[in-house]
Amino acid sequence: MRFFPSGCTALALLAAISTTIAAPVPAAHASASPALKKEVEAAIDAQAKQIQVMVDQIFSYAEPGFQEIKTSEYLIGILEKEGFTVTRGVAGIPTAFTATWGKGGPKIALGSDIDNLPGVSQVPGVTTPKALVEGAPGHGEGHNSGMPLVVASAIATKQVMEKHRLSGQLMVWPGVAEELLATKAYYVRAGMFKDVDVSIFTHVSNSFGVAYGDVGLNGMVSVEYTFKGKTAHSAAMPWDGRSALDAVELMDVAWNYRREHLPLTQRSHNVISNGGGQPNVVPGTATNWYYFREKNFASLRNLYETGNEIAEAAAQATGTTVTRKILGYAAPNYGNKPLAEALYANVKVVGMPKWSAEDQAFAHAVQVNNGLKVQPLATVVPPISTPESRAGANIGASDDIGDVMWTVPTVTLFYPANVPNAIGHHVTSAMAMATPIAHKGVVTGAKALAMTVLDIVTTPKLVSDAKAYFNNVQLKEQKYDPLISAEDMPTIERNANLMKEMRPAMEKYYYDPSKYDSYLEQLGIDYKAAGKADK
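Calculation notes
Residues numbered from 1 in each chain as written. Predicted model: local features only at pLDDT ≥ 70, side-chain atom pairs only at ≥ 80, totals over all residues. Heavy atoms only, no water. Pairing = 2+ DSSP bridges. Helix = DSSP H or I, 4+ residues; strand = E, 2+ residues; numbered from the N terminus. Contact = heavy atoms within 4.5 Å. Axes fitted to C-alpha atoms, helices over the stretch in contact; angles between N-to-C directions. Parallel < 35°, antiparallel > 145°, perpendicular 65-115°, else oblique. Nonpolar A, V, L, I, M, F, W, Y, C, P; charged D, E, K, R; others polar. Salt bridge = Lys/Arg side-chain N within 4 Å of Asp/Glu carboxyl O. Buried < 20%, exposed > 50% of the residue type's maximum accessible area, 1.4 Å probe, protein only. Expected span 1.5 Å × (residues − 1). Arc of directions from axis to C-beta. Polar contact = N/O pair within 3.5 Å; in protein donor to acceptor, adjacent residues only side chain to side chain.

(A) View of the sheet that holds strand β2 (residues 97-103). Sheet architecture is open: seven strands sit in the order β1-β2-β4-β3-β5-β13-β6, paired in mixed fashion. With one partner strand each, in any of the chains shown, β1 (85-88) and β6 (209-210) form the two edges of the open sheet. In this structure, β1 lies alongside β2, joined through four bridges in antiparallel fashion. In the strand pairing of β2, Thr85 is matched with Thr100. Lying on the sheet, helix α9 (residues 337-350) is in contact with β5 (198-205), β6 and β13 (410-416); it crosses β13 at an angle near 25°.

In structure tokens:
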């Protein structure tokens, strides 16, 4: 998800809010029988080894947005073997897919993200920064764990539904290029959720829980401004040139002056993705890549238009021209209350993972060795996060699951598979993501998800309540108003050159479960010793 600017940090903050402010216990919903839930729990436990392998395998592939080629095919292979019908390349995105099974009853979408971040390669099970491949991407947010959770839940639920002849349909799908906020709006535009009744998303956290209502995550639009000028000799005839780089820099100066007079809820940041070739040539082309974030659809549209006006003004002032291209979009997040309450009831039943002394020692070493706040792995499920307990808190970051949330009743399950206080989008958030901490957290989250799917297929009122809340509460506050147009397309070429350069070196470190029990074993990492390496 995209919080600061991606999911991990915002989710940690959301979890922190829910643990520090008391919230009421939700009302009980009708649900699947305890016997059915015990069956699905056992089916998850039976997959514990496969879950570990999936988590480790995807961690080793370490593929960034739009380049999740190995990851996608790996997951498809597992799902097809289990009897799911797979549709590849949905919404025109090569690494996107849907995997469906079942008939009749409610259709339930189950998803999580699969991409990672450039430049955060990290050896797992090591408590200090150490790149697996220098300069390569890495799972510095933990997206290697979400789809293993979803896949295991779907397989277990399918087994129980087949045995008891329960009607219902499952649709498993991956979030592609979430770190770029670059696909879910296109999924929605392509009609991927048009016949879905309810949706449950998952995201890694260091806590275990769920939130409903406006969760305080901003909407966001990702825009690249391309300025065109005129090249010239920078020393001999600079007067004959018109610098596109000057326009980029002037836009940044103007935006930073304007920032003082913008609402406190906005967040905006940029990189110069092309600043020209070499100093003695006046840059004829330069690009400025901005993320604009705001709390609701109307204010986000206003912020975007302000950026466009400033870009045009910078072009006029420098004698250049400017065009813009939307690279990604994310709607504000809004969780469905009936789904959240049903999911939370199962979270409470499952409870936190049983952490070992080695798990706690490893988490402590990560914190101590990286100057992070020391806090043990959580052992208690926090209260459900409500609008009242959050008291209007604005986290500032974004996640494009918001587009799904404004299309179909949706809630996000946060599952405990990482170290508290690890830095988002940083190697510290990758250190535990192919260790027993991640494996246990995924097994735990998979149980709560599978139980909730059974609640949905056995309790028609839960679906009708979720839809009523969506239509009568959520849509009364705002209506879905995406900024992408019919002409905007997913930037599927993004990160292609990076992986062309990095993949040959990265392939040497792909996990081979036929030879090694775990990825740590393959890498020669002593997990117990790592936890004793405190400074």
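And the narrative resumes.
(B) Broad picture of the packing of helix α4 (residues 69-81) against helix α5 (residues 146-164). Direction vectors running N to C along α4 and α5 enclose 5°, while the axes themselves pass 11 Å from each other. Our classification of the angle between α4 and α5 gives roughly parallel. Every residue of α5 that contacts α4 at Leu75, Ile78 and Leu79 is listed here: Met147, Val151 and Ile155. Along the lines of polarity and charge, the residues of the contact of α4 with α5 split into six nonpolar, no polar and no charged.

(C) Seen up close, the pattern of salt bridges. As enumerated under the stated definition, the model contains 15 salt bridges in all. Of the charged contacts in the structure, one is a salt bridge between Glu73 and Arg88, with a shortest N-O distance of 3.4 Å. One end of the pair, Glu73, is in helix α4; the other, Arg88, is in strand β1, with 15 residues separating them in the sequence. The salt bridge partner of Asp197 is Lys467, with a shortest N-O separation of 2.6 Å. Placement of the pair is Asp197 in the loop between α6 (184-189) and β5 and Lys467 in helix α14 (residues 460-477), with a sequence separation of 270 residues. A relative accessible area of 17% means that Asp197 is categorised as buried.

(D) Layout of unusual backbone geometry. At Ala177, a position not held by glycine, the phi torsion is positive, near 50°. With respect to the helices, strands and loops of the structure, Ala177 is situated in the loop between β4 (168-175) and α6. The class for Ala177 is buried, based on a relative accessible area of 0%. Phi at His425 takes a positive value of approximately 60°, unusual for a residue other than glycine. Mapped onto the secondary structure, His425 falls in the loop between β13 and α13 (436-458). Of the residues examined, His425 reaches a relative accessible area of 17% and is grouped as buried.

(E) Seen up close, the packing of helix α10 (residues 357-369) against α13. At their nearest, the axes of α10 and α13 sit 10 Å apart, and the two run at 115° to each other. On the side of α10, the interface is formed by Asp359, Phe362 and Ala363, while α13 contributes Pro436, Ile437 and Lys440. Here the contact of α10 with α13 is built from residues that sort into four nonpolar, no polar and two charged.

(F) Quick look at helix α7 (residues 244-259). Counted at 1.5 Å a residue, the expected span for α7 with its 16 residues is 22 Å, and the 23 Å between its end C-alpha atoms agrees. Within α7, the full set of buried residues consists of Ala244, Ala247, Val248, Met251, Asp252 and Trp255. Projected down its long axis, α7 shows its buried positions confined to an angular sector of 135°, all on one face. Along its buried surface, α7 packs onto β8 (219-228), β9 (267-274), β10 (285-294) and α8 (297-318). Where α7 begins, the capping side chain belongs to Ser243, and its oxygen is found 3.2 Å from the backbone nitrogen of Leu245.

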